[in-house]
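Per-entry structural report
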Amino acid sequence: MITLKNINKTFISEGKVVEAAKDVNLEIKDGEVFGIIGYSGAGKSTLVRCINLLERPTSGQVFLDDVELTALKSSELRKERKKIGMIFQQFNLFASRTIYQNVAYPLRHSGLSRAEKKKKVEELLELVGILDKADSFPSQLSGG
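The paragraphs below set out a description of the structure included in this document. (Residues numbered from 1 in each chain as written. Predicted model: local features only at pLDDT ≥ 70, side-chain atom pairs only at ≥ 80, totals over all residues. Heavy atoms only, no water.)

**Describing unusual backbone geometry**
Trans peptide bonds make up the majority, and among non-glycine residues the majority have a negative phi. Positive phi, normally seen in glycine, also occurs at Asp-65, with a value near 50°. Following the sequence through the fold, Asp-65 ends up in the loop between strand 3 (59-64) and strand 4 (67-68). One non-glycine residue, Asp-66, adopts positive backbone phi at about 70°. (Helix = DSSP H or I, 4+ residues; strand = E, 2+ residues; numbered from the N terminus.)

Right, here's the structure in full:
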């Protein structure tokens, strides 16, 4: 499902070359769940951002279902990104919307029917174990 081949990401910081990711090879099959862990500054966020090309790797290839994302034009990449879900470490939720409404928000132009959106939101909330918090507001949940 997700394949990283020889991913490298370097930055220039204060005149020094920083290797945020070095020769990363990874294959995640459909249905597998992975976590990327490590010390602060180890490159975890950079690597995750390279998966959906929010950060373009300096070299290497990223594949999603056999489609090489690193070879796509911007318009094609935007289309493929719709298939990728990502939870950011620092997230922003609408304080005035319920958890259900926050999760439903990105689906507003998806072309799904109201019933399909409801089903999708409920599946996602169930997946992370907070379906029972659907009517709560972000301030009513813990950060974890």
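Past the structure itself, the notes keep going.
**Looking at the environment of Ser-45**
You can see Ser-45 is positioned in helix 1 (residues 44-51). What makes Ser-45 partly exposed here is its relative accessible area of 42%. Taking the C-alpha atoms as reference, Ser-45 lies 27 Å from Gln-101; in sequence the two are 56 residues apart. (Buried < 20%, exposed > 50% of the residue type's maximum accessible area, 1.4 Å probe, protein only.)

**With respect to a negative patch on the surface**
A surface patch of negative charge is lined by Glu-27, Asp-30, Glu-32, Asp-65 and Asp-66. Tracing the backbone through its elements, the reader meets Asp-66 in the loop between strand 3 and strand 4. (Patch = residues over 30% accessible without salt bridge, like charges linked within 9 Å, V, L, I, M, F, W, Y side chains within 5 Å. Areas by Shrake-Rupley, 256 points an atom, 1.4 Å probe, with all protein chains shown as cover. Salt bridge = Lys/Arg side-chain N within 4 Å of Asp/Glu carboxyl O. Lys, Arg positive; Asp, Glu negative; His and termini not counted. Charge placed at Lys NZ, Arg CZ, Asp CG, Glu CD.)

**With respect to the sheet that holds strand 3**
The pairing of strands in a sheet comes from backbone hydrogen bonds and takes either a parallel or an antiparallel form. Strand order in the open sheet formed by four strands is 2-1-3-4, with antiparallel pairing between adjacent strands. The open sheet is flanked by strand 2 (16-28) and strand 4, the only strands paired with a single partner. The pairing of strand 1 (residues 2-13) with strand 2 spans nine bridges and is antiparallel. Residue pairing across strands places Phe-11 opposite Val-18, the latter belonging to strand 2. Packing against the sheet, helix 1 makes contact with strand 1, strand 2 and strand 3, and its axis sits at approximately 125° to strand 1. (Pairing = 2+ DSSP bridges. Contact = heavy atoms within 4.5 Å. Axes fitted to C-alpha atoms, helices over the stretch in contact; angles between N-to-C directions.)

**Section: the pairing of strand 1**
Two faces make up the sheet, and in a regular strand the side chains alternate between them. What sits between strand 1 and strand 2 in their antiparallel hairpin is a turn of two residues, with Glu-14 showing a positive phi close to 55°. Bridge count for strand 1 against strand 3 is five bridges, and the pairing is antiparallel. By the bridge assignment, Leu-4 is partnered in strand 3 with Val-62.

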